Amino acid sequence: MQVALDEIINRYKSGSRESLLPLLQDIQIEYGYLNEEAILKVGKHIKLPSSKVYGIATFYDQFRFIPKGKFHIKVCRGTSCHMHGSSGILREVERVLNIKEGHTSRDGRFSLEAVSCMGACGSAPVLNVNGEFKTALSIPDIAQVIDFYRSSI
Ligand code: FES
């Protein structure tokens, strides 16, 4: 069961600006992203204008502002994966899903994120779908990988 937004916020002292990042992290862990309500309530709680909360949150790559898809695809862009063509893999995933990195498909089925090293460098280039690794990929593999998840819905 999901923890209520107010309950997460109230774990932190009111007016404590140092709490901003851990608070946003906790909300994102629980909900998967930060919505407008969360930004407004956090701002009110720590006594910082919501525009500033949003500005700070957008500065960090780790925060998302739209919900993840049913299948969340992470494409590694760490050094080893980069050396093995992860840029092409990312472009191909974007092409097949018709969404850009950082976005979620309109039907809510897929979301795409480029991430740093996922610790599977020996099998580069890799991507990860809801925690499941797909390794040593080549561009022609991508459509097949995505079709597999499309057909499992
Ligand atoms: S660089 Fe991609 S898994 Fe390490």
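Residues numbered from 1 in each chain as written. Predicted model: local features only at pLDDT ≥ 70, side-chain atom pairs only at ≥ 80, totals over all residues.

## Points about the sheet that holds strand E4 (residues 132-134)
Sheet strands associate in pairs through backbone hydrogen bonding, adopting either a parallel or an antiparallel arrangement. This is how it is decided: For two strands to be treated as a pair, DSSP must find at least two bridges joining them. For helices the rule is a DSSP run of H or I covering at least 4 residues; for strands it is a run of E covering at least 2, with both sets numbered from the N terminus onward. Axis definition: a line fitted to C-alpha atoms, over the contacting stretch in the case of helices. Angles run 0 to 180 degrees between N-to-C directions. For every residue pair, C-beta atoms are placed from the backbone, and the pair is scored as a contact if these atoms sit within 7 Å.
Strand order in the open sheet formed by 4 strands is E2-E1-E3-E4, with mixed pairing between adjacent strands. Each edge of the open sheet carries a strand with a single partner, namely strand E2 (110-115) and E4. In this sheet, adjacent strand axes meet at a mean angle of 25° when their direction is disregarded. Relative to E4, strand E3 (residues 127-129) is paired through 3 bridges, and the arrangement is antiparallel. Looking at E4, one finds that Asn128 is bridged to Phe133. Lying on the sheet, helix H6 (residues 86-97) is in contact with strand E1 (71-76), E2 and E3; it crosses E1 at an angle near 155°.

## A closer look at the pairing of E1
Pairing analysis gives 6 bridges linking E1 to E2, with the strands arranged parallel. Opposite Phe71, over in E2, you have Phe110 as the bridge partner. Both E1 and E3 contribute to a ladder of 3 bridges, which runs antiparallel. Within E3, the residue paired with Lys74 across the bridge is Asn128.

## Describing the nonpolar core
Put simply, the rule is: Throughout this description, the term nonpolar core refers to a group of buried Ala, Val, Leu, Ile, Met, Phe, Trp, Tyr and Cys residues whose C-beta atoms join them within 7 Å. Exposure classes come from backbone-placed C-beta atoms, where a residue is buried if 20 or more other C-beta atoms lie within 10 Å of its own, exposed if 12 or fewer do, and partly exposed in between.
Within the largest apolar cluster, 17 residues are counted, with the highest numbers of intra-cluster contacts made by Ile73, Val75, Ile89, Val93, Val126 and Leu127. Those elements that place two or more of their residues in this core are E1, H6 and E2. In contact with Val126, not counting residues within four places along its chain, are Cys76, Cys81, Met118, Ala120, Phe133, Lys134, Thr135 and Leu137.

## Concerning the environment of Val93
Here Val93 shows up in helix H6. The spacing of Val93 and Ala143 is 50 residues in sequence and 7.7 Å in space, taken between C-alpha atoms.

## Things to note about the domain arrangement of the protein chain
Note the threshold: Note that domain bounds follow an automatic or database assignment of domains.
Along its sequence, the protein chain is carved into domain 1 (5-59) and domain 2 (71-151). On a C-alpha basis, the centres of domain 1 and domain 2 stand 29 Å from each other.

## Re helix H3 (residues 36-46)
As a reminder, the rule being used: In this description, the arc belongs to the directions extending from the helix axis to the C-beta atoms.
Listing the buried residues of H3 in full gives Ala38, Val42, His45 and Ile46. Down the axis of H3, the buried set is contained in an arc of 80°. They therefore lie on one face. Turned more than 90 degrees away from the buried face of H3, the exposed residues are Glu36 and Glu37. Looking at the buried residues of H3, the elements they touch are helix H1 (5-9), helix H2 (20-31) and helix H4 (50-59).

## Quick notes on H6
Which entries qualify depends on this criterion: For a helix, the expected span equals 1.5 Å multiplied by the number of residues minus one.
The terminal C-alpha atoms of H6 lie 16 Å apart, and with 12 residues this matches the ideal 16 Å at 1.5 Å per residue to within 8%. Turning to H6, its buried residues number three or more, namely Ser86, Ile89, Leu90, Glu92, Val93 and Leu97. Viewed end-on, H6 has its buried residues packed into an arc of 165°, placing them on one side of the element. Where the residues of H6 are buried, they touch E1, helix H5 (79-83), E2, E3 and helix H7 (139-151). Backbone geometry just after H6 places Asn98 at a positive phi near 60°.

## Observations concerning unusual backbone geometry
For the bond from Ala124 to Pro125, the omega torsion is -5°, close enough to zero to count as cis. Tracing the backbone through its elements, the reader meets Pro125 in the loop between E2 and E3. Not every positive phi belongs to a glycine, and Lys47 is a case in point at roughly 60°. Taking the C-beta count within 10 Å as the criterion, Lys47 has 10 such neighbours and is therefore assigned exposed.

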